[in-house]
Amino acid sequence: MADLAELPSAPDVAGTSLDGTEPYVITAEENAALCRSTGVEPAADGSAHPVYYYVATQVAMGKTVAGVCETCRFDVEDGPMMGSSGVSFQAPLKVDHPYRVTGEILSLVRKRSRKLGVMDVLDYRLRLHDQAGATVLETTNVWVLPRKELA
Amino acid sequence: MLGAGDELPPFIIERVSPEAMKAWAVFLHDPNPIHLDVEVVKAKGLGDRVINQGPANVAYLMNMLMAAFPGAAISKMESRFVDNVYAGDRLTAGGRVTSVEGGAVQCDIWLRADGRDVVITGSATVSTCAPA
């Protein structure tokens, strides 16, 4: 087993922009389907399920999941895993309102774990803005990218 | 009114549905086959059932919080993914109040799978003075 110091370092991707290019709208129809898929009814006041913090930012960021992996020189077929996810809301999400995403990769760090062997830990931050430009939420997610070829 | 040390009423998911995973693949624009094709899960050595999307598991925790604090808003939440959730799992989303200050209720939260223990741990802040 190679020592971590002997392995090539993770690609330097910190600062890569994840700004979205297209607005994202949570439709009332999709919100209802998502709510029911988790065992609850949609709210009657026009608010969207708060888990759209993740859905909206992932869908409307400037890269697809596969694209983020490619930036990290990781094949999406090798199975990125969610490590953690955090969110801070400044306002509730609403259906049928356009939002846009800004964000960036914070870091990509190569580590060794007992369970997964060599892995890269990707940390990125996304913000969701309303039509007036106000920040509605900020989320920071960590993905684990297992580097089987280096294990 | 809940206070520090009180347990939140659990939110139960009787059976994680593979049909819901197909819907979430569309919601997330993410056709990762580990959520859709059990043969891929087996080939990757990840088990013998399709794996639920992580954000769907977060949604169960949010449902638990929204039911425990009607009319309030989740202002912050942190989730750490400890283990996979599989099709057919019975889940319990739960939590405990750790502090109450002004209109902010801090909670420890967790998602447990029957027979396998905790799959998500985390924390949340619920604002009982919900933003407009």
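Just so you know, these numbers come straight off a predicted model, no measurement behind them.

Rules of the game
Note on numbering: residues in each chain are counted from 1, in written sequence order. Note on labels: chains are lettered from A, ligands numbered from 1, in written order. Where local features are concerned, this predicted model is filtered to residues with pLDDT of at least 70; where side-chain atom pairs are given and counted, the filter is 80 or more; whole-chain, interface and lining totals use all residues. To get the side-chain values, all heavy atoms of the structure are used, and hydrogens and water are removed first. A run of DSSP states H or I qualifies as a helix once it reaches four residues; a run of E qualifies as a strand once it reaches two. Both are numbered from the N-terminal end. The contact criterion used is simple: two residues touch if any of their non-hydrogen atoms lie within 4.5 Å. Accessible areas in this description were obtained via Shrake-Rupley with a 1.4 Å probe; residue shielding takes into account the shown protein chains only. None of His or the chain ends enter the tally, which takes Lys and Arg as positive and Asp and Glu as negative. Lysine's charge is taken at NZ, arginine's at CZ, aspartate's at CG and glutamate's at CD. Whether two strands pair depends on DSSP finding at least two bridges between them. Working definition: with a 1.4 Å probe on protein chains only, accessible area under 20% of the residue-type maximum means buried, over 50% means exposed, and in between means partly exposed. Salt-bridge detection follows one rule: a side-chain nitrogen of Lys or Arg within 4 Å of a carboxyl oxygen of Asp or Glu. The term buried area refers to how much accessible surface (probe radius 1.4 Å) is lost by two components on association, counted for both of them together. In the analysis that follows, any N or O atom pair within 3.5 Å is treated as a polar contact, provided that within protein one partner can donate a hydrogen and the other can accept it, and provided that, for residues neighboring in sequence, both atoms belong to side chains. Polar here means any residue other than Ala, Val, Leu, Ile, Met, Phe, Trp, Tyr, Cys and Pro, which are nonpolar, and Asp, Glu, Lys and Arg, which are charged; Gly is therefore polar.

A closer look at the overall build of chain A
Then, number 1: When its secondary structure is counted, chain A shows three helices and five strands.
Then, number 2: The order of α-helices and β-strands along chain A, N terminus first, is β-α-α-α-β-β-β-β.
Then, number 3: In terms of overall dimensions, chain A has a C-alpha envelope of 55 × 35 × 25 Å along the principal axes.
Then, number 4: The contacts of chain A with a sequence gap of at least 6 include a subset with a gap of at least 24, amounting to 71%.
Then, number 5: Working note: accessible area of chain A is about 7100 Å², and carbon and sulfur atoms make up 50% of it.
Then, number 6: Averaged over its 14 positive side-chain charges, chain A has a centre that lies 6 Å from the centre of its 20 negative ones.

Some points on the pairing of strand S2 (residues 73-81) of chain B
Then, number 1: Here strand S2 (residues 81-89) of chain A runs beside S2(B); their pairing, made up of five bridges, is antiparallel. Along S2(B), the bridge assignment pairs Ser88(A) with Lys76(B).
Then, number 2: Where S2(B) meets strand S5 (residues 117-127) of chain B, eight bridges bridge the pair, whose relative direction is antiparallel. Residue pairing for S5(B): Glu78(B) is matched across the bridge by Ser123(B).

Describing the pairing of strand S4 (residues 117-129) of chain A
Residues and elements named next belong to chain A.
Then, number 1: When you tally the buried positions in S4, you get eleven out of 13 residues, the bulk of the element.
Then, number 2: Relative to S4, strand S3 (residues 98-113) is paired through 13 bridges, and the arrangement is antiparallel. Counterpart to Arg 100 in the pairing with S4 is His 129.
Then, number 3: The hairpin formed by S3 and S4 contains three residues between the paired strands.
Then, number 4: As defined by bridge partners, S4 adjoins strand S5 (residues 135-146) across eleven bridges and the pair is classed as antiparallel. Each bridged residue has a counterpart across the sheet, and for Arg 125 the counterpart in S5 is Thr 140.
Then, number 5: Adjacent in sequence and paired antiparallel, S4 and S5 are bridged by five residues, among which Gly 133 carries a positive phi angle near 95 degrees.

Brief notes about the pattern of salt bridges
Residue and element names in this part refer to chain B.
Then, number 1: With the rule as written, the count across this model stands at 14 salt bridges over all chains.
Then, number 2: The closest approach of N and O atoms between Asp 83 and Arg 116, which form a salt bridge, is 3.3 Å. Within this pair, whereas Asp 83 is found in the loop between S2 and strand S3 (91-101), its partner Arg 116 is found in the loop between strand S4 (104-113) and S5, the two being separated by 33 residues in sequence.
Then, number 3: The class for Asp 83 is partly exposed, based on a relative accessible area of 32%.
Then, number 4: On the basis of relative accessibility, which here comes to 28%, the residue Arg 116 falls in the partly exposed class.
Then, number 5: When salt bridges that share partners are traced, they join Arg 49, Asp 83, Asp 89 and Arg 116 into one network.

Side note on the interface of chain B and chain A
Then, number 1: Tallying the contact residues gives 27 residues for chain B and 30 residues for chain A.
Then, number 2: The largest per-residue losses of area from chain B upon contact with chain A belong to Phe27(B), Met62(B) and Phe81(B), which jointly make up 23% of the total buried on that side.
Then, number 3: Across the chain B-chain A interface, the total number found is zero salt bridges.
Then, number 4: Counting every contact that joins chain B to chain A gives nine residue pairs in polar contact (both at pLDDT 80 or more).
Then, number 5: For the side of chain B that touches chain A, the elements supplying multiple residues, two or more each, are helix H1 (18-27), helix H3 (54-68) and S2 of chain B.
Then, number 6: When grouped by side-chain class, the residues that make up the side of chain B that touches chain A number 17 nonpolar, five polar and five charged.

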